[in-house]
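Fold and contact review
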Amino acid sequence: MMTFFPAVGFRVREVRLSQNMTQKVFAASLGIVQGFLSAVENGKKMPSDTFLLALCGKYQIDQDWLLTGQGEMRGAVLGGAPAPVSGGIPLLRRITADFPAVADADIKDYVRLPGVPAGCYAVQFEGDFMAPTISDGDLVVFQSGVRAENRDILLVTNHWGEVILRRYRLQGEQIYLSADNSSYSPFRPDPETRIVGKVVAIWRKVKM
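All of these numbers come straight from a predicted model, not from anything done at the bench. (Residues numbered from 1 in each chain as written. Predicted model: local features only at pLDDT ≥ 70, side-chain atom pairs only at ≥ 80, totals over all residues. Heavy atoms only, no water.)

**A word on the pattern of salt bridges**
Across all of its chains, the model carries five salt bridges by this definition. Glutamate 41 is the partner of arginine 16 in a salt bridge, and the nearest nitrogen-oxygen pair spans 2.7 Å. Within this pair, whereas arginine 16 is found in helix α1 (residues 7-18), its partner glutamate 41 is found in helix α3 (residues 34-41), the two being separated by 25 residues in sequence. Note on accessibility: arginine 16 and glutamate 41 belong to one class, buried. Across the pair arginine 16 and aspartate 104 runs a salt bridge, and its minimum N-O distance is 2.9 Å. In this pair, arginine 16 is assigned in helix α1 and aspartate 104 in the loop between β1 (89-92) and β2 (107-111), connecting sequence segments 88 residues apart. Take arginine 16: its relative accessible area is 0%, and that puts it in the buried class. Salt bridges sharing partners connect three or more residues here, namely Arg16, Glu41 and Asp104. (Salt bridge = Lys/Arg side-chain N within 4 Å of Asp/Glu carboxyl O. Helix = DSSP H or I, 4+ residues; strand = E, 2+ residues; numbered from the N terminus. Buried < 20%, exposed > 50% of the residue type's maximum accessible area, 1.4 Å probe, protein only.)

**Some words on the confidence of the model for the protein**
The predicted coordinates ought not to be read in detail in places where the model reports low pLDDT. Model confidence for the protein is summarised by a mean pLDDT of 81, while 89% of its residues fall at 70 or above. Segment residues 1-5: pLDDT under 50, and twelve contacts once partners within four positions in sequence are set aside and those in other chains are kept. A low-confidence stretch, residues 76-86 (pLDDT under 50), is modelled with 15 contacts involving residues beyond four sequence positions or located in other chains. (pLDDT = per-residue confidence, 0-100. Contact = heavy atoms within 4.5 Å.)

**Overview of the environment of isoleucine 164**
Mapped onto the secondary structure, isoleucine 164 falls in strand β6 (residues 163-171). Residues in contact with isoleucine 164, not counting those within four places in the same chain, are Leu154, Leu155, Val156, Asn158 and Phe187.

**Here we look at the side chain of glutamine 23**
Take glutamine 23: it is sitting in helix α2 (residues 23-29). Exposure remark for glutamine 23: the relative accessible area of 13% places this residue in the buried category. Here the side chain of glutamine 23 touches glutamate 41 through a polar contact of 2.8 Å, side chain to side chain. In this view, glutamine 23 contacts Arg16, Gln34, Leu37, Ser38, Glu41 and Asp104; residues no more than four positions away in its chain are not counted. (Polar contact = N/O pair within 3.5 Å; in protein donor to acceptor, adjacent residues only side chain to side chain.)

Written out as structure tokens, the structure is:
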């Protein structure tokens, strides 16, 4: 029997986004209503064993990945042919307070980038806080639910709830969030600070 973990709902959403489908279309393909799918993706309802088996079978999803997040999203297709992959990494217009729940309206486009782990998202960075490491207009790829380590670049919320980029620094037992641009002062996270994700790749468009 399958065991449910809260993160399963988020991975169900990743499968849907990889197919470039709306919730309505994806739900219909699995014989469920959109409202139930939305509740599953947001971690509010537990998907049934039948639902998960149907999803894995229809879209060639690896069951262990769906349940644990380990390994690759795609399982082997019968006959040995690779599973078709459509869509790509969601490029977000914005990161809302509900993240990692993502509405269709929050997705600007999908991008294909080599060597990026499954379950990542991308945003276009604005500002000079992380210069010269990250420049205005760079594409920042990040992964949620990953443990932060010293010197990692994170997406975190500031005092006003806005999502910003800062480097995670440990000094003894003290945690600081600092900009790479020395013009900006580091600050200590407060109880309301939330880690949204860890930066795993930076892509820069080079002018020719």
